[in-house]
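# Observations on the three-dimensional arrangement
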Amino acid sequence: MKDEDLVDLVQRTGDPAALQELEKRHLRLLLHILRVRVRYPQQFLAATMRNSVEDFAGDVLGQAVRGYRRGRGASFKTFLLKVLEHEIVSGKRRRALRPLVSADEEKAPSDPPAKGCSPGSAEQLAFDEIIDRVRECLAILDEKQHRAFFLCELLKFKPSEAHELWPDETVDAIKQAK
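Attention here is on the structure that accompanies the text.

Reading the values: the criteria
Residues numbered from 1 in each chain as written. Predicted model: local features only at pLDDT ≥ 70, side-chain atom pairs only at ≥ 80, totals over all residues. Heavy atoms only, no water. Axes fitted to C-alpha atoms, helices over the stretch in contact; angles between N-to-C directions. Helix = DSSP H or I, 4+ residues; strand = E, 2+ residues; numbered from the N terminus. Left-handed = near helix turned anticlockwise from the far one by under 90°. Contact = heavy atoms within 4.5 Å. Nonpolar A, V, L, I, M, F, W, Y, C, P; charged D, E, K, R; others polar. Salt bridge = Lys/Arg side-chain N within 4 Å of Asp/Glu carboxyl O. Buried < 20%, exposed > 50% of the residue type's maximum accessible area, 1.4 Å probe, protein only. Expected span 1.5 Å × (residues − 1). Bend = angle between axes of the 7 residues up to and from the residue. Polar contact = N/O pair within 3.5 Å; in protein donor to acceptor, adjacent residues only side chain to side chain.

Turning next to the packing of helix α2 (residues 16-37) against helix α7 (residues 143-154). Contact pair α2 / α7: the axes reach a minimum separation of 11 Å and the direction vectors enclose 145°. Our pair here, α2 against α7, has a crossing hand that is right-handed. Contacts from I33, V36 and R37 in α2 reach E143, H146, R147, F150 and L154 in α7. Residue composition of the contact of α2 with α7, by class: 4 nonpolar, 1 polar and 3 charged.

Now for the pattern of salt bridges. Enumeration according to the criterion identifies 7 salt bridges in this entry. Where K24 meets E21, a salt bridge forms, and the shortest distance between an N and an O atom there is 4.0 Å. Of this pair, K24 and E21 both sit in helix α2, 3 residues apart, roughly one helical turn. In this structure K24 comes out as exposed when scored by relative accessible area, which is 65%. A network of salt bridges, in which partner residues are shared, links D3, E21, K24 and R25.

A few words on α2. Taking 1.5 Å of rise per residue, the 22 residues of α2 would be expected to cover 32 Å, and the 29 Å separating its terminal C-alpha atoms lies within 8% of that figure. Along its length, α2 reaches its greatest deviation from straightness, about 40°, at H26. Two or three places before A17, at the opening of α2, D15 has a side-chain oxygen 2.8 Å from that residue's backbone nitrogen.

Written out as structure tokens, the structure is:
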């Protein structure tokens, strides 16, 4: 069944199985995006009044399910990512209004073990080191570069597809930022 059919079913009947299927299909992607896009998760979660990135991702999925309307040109997944991006930007704005905590005081979220690695193994430690280096590199980018890199390089969107999620930037500006 297509995502749009599942959303329609949830909207019309509140079918919990359809909602669970949408969660199964999309929550992992949302969590991955949040871990990459949000530099200071504890501050971000405090600003958005959420207890965990999982709560935040679940709320975003719920908003997308409630707000999606067929026939408006976007697939459910595109709409979901648009809602997520809007909520990330809104959360960052709210965070900017709160007193800052230094990066040293900010605790990084615990990433799940890499597939096939056991926690604490040499492979997992090497994987964690790579993740830390990627986060350091991403921290150097300004917000516009970070968003363009994420959408075009990590999610493999074409600049024209990224523009659907980021309409306030032109396709050419997205190409330049990445």
